[in-house]
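Take a look at the letters that make up each chain.
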Amino acid sequence: MEKETSDFDAWLRECEEAIRSADLATALDALSLHVKSDFDTRLWFVEVMGRRWSFIAGDVRETPSRGEVERIELPGRFGLCVGDWGRMPEIEREKFVAWIGRLVAGRFPRVWDRAGHEMVGQVSSGPDSRGMEGR
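Rules and cut-offs
Residues numbered from 1 in each chain as written. Predicted model: local features only at pLDDT ≥ 70, side-chain atom pairs only at ≥ 80, totals over all residues. Heavy atoms only, no water. Phe/Tyr/Trp six-rings, centres within 6.5 Å; stacked < 30°, edge-to-face > 60°. Helix = DSSP H or I, 4+ residues; strand = E, 2+ residues; numbered from the N terminus. Buried < 20%, exposed > 50% of the residue type's maximum accessible area, 1.4 Å probe, protein only. Polar contact = N/O pair within 3.5 Å; in protein donor to acceptor, adjacent residues only side chain to side chain. Pairing = 2+ DSSP bridges. Axes fitted to C-alpha atoms, helices over the stretch in contact; angles between N-to-C directions. Expected span 1.5 Å × (residues − 1). Arc of directions from axis to C-beta.

A. Molecular detail of the packing of aromatic side chains. As enumerated under the stated definition, the model contains five aromatic pairs in all. Ring geometry for Phe 8 against Trp 11: centres 5.4 Å apart, planes inclined by 20°, an arrangement best described as stacked. Residue Phe 8 and its partner Trp 11 are both found in helix H1 (residues 7–18); the two are separated by three residues, about one turn of the helix. Assigned by exposure class, Phe 8 and Trp 11 land together as buried. Seen in terms of ring centroids, Phe 96 and Trp 99 are 6.0 Å apart; in terms of plane orientation they differ by 35°. Their pairing is tilted.

B. Summary view of the side chain of Glu 47. Following the sequence through the fold, Glu 47 ends up in strand S1 (residues 42–49). A polar side-chain atom of Glu 47 sits 2.6 Å from a polar atom in the side chain of Arg 77.

C. Region of interest: the sheet that holds strand S3 (residues 70–73). Taken together, the four strands give an open sheet; going across it, the order is S2-S1-S4-S3, and neighbouring strands pair in antiparallel fashion. Each of the sheet's edge strands pairs with one partner strand only, and the pair in question is strand S2 (52–58) and S3. Averaged over all pairs of adjacent strands, the angle between strand axes in this sheet comes to 35°, irrespective of strand direction. Examined bridge by bridge, S3 and strand S4 (residues 78–84) share four bridges and lie antiparallel to one another. In the strand pairing of S4, Ile 72 is matched with Leu 80.

D. How the structure looks around H1. Its twelve residues give H1 an end-to-end C-alpha distance of 16 Å, which sits within 8% of 16 Å, the value for a rise of 1.5 Å per residue. Those residues of H1 that fall on the buried side of the exposure criterion are Phe 8, Asp 9, Trp 11, Leu 12 and Cys 15. Within H1, the buried residues cover an arc of 155° as seen down the axis, which keeps them to one side. Every exposed residue of H1 that faces more than 90 degrees away from the buried side is listed here: Asp 7, Glu 14 and Ala 18.

Written out as structure tokens, the structure reads:
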């Protein structure tokens, strides 16, 4: 097995360590800001409920409009909306999406809000999914 030595792999490990003990919203907010800071990549995390993509976490200062996001389904009821990949190269995008998919599937099999309430079928607070609803 090849030893992980790339800077990006180290960056992913740092991210995982930084959010290790955080709740869902806090972890994903922190991750969103970290990605924005390091790669100028705008992203938001959502709960997928059929055609509706409901905001969970991300940069609340910049809400995406419908036409400007790439929607990526993650395992379980999660999704990732990317407004602009910024300076993140495509090979690292693929690693990031695979990593975040494993992270949310393993750590957050169910969605919880900041108050610790399960968000089954609920619309979360924050910039809603007006720009992220199914077409």
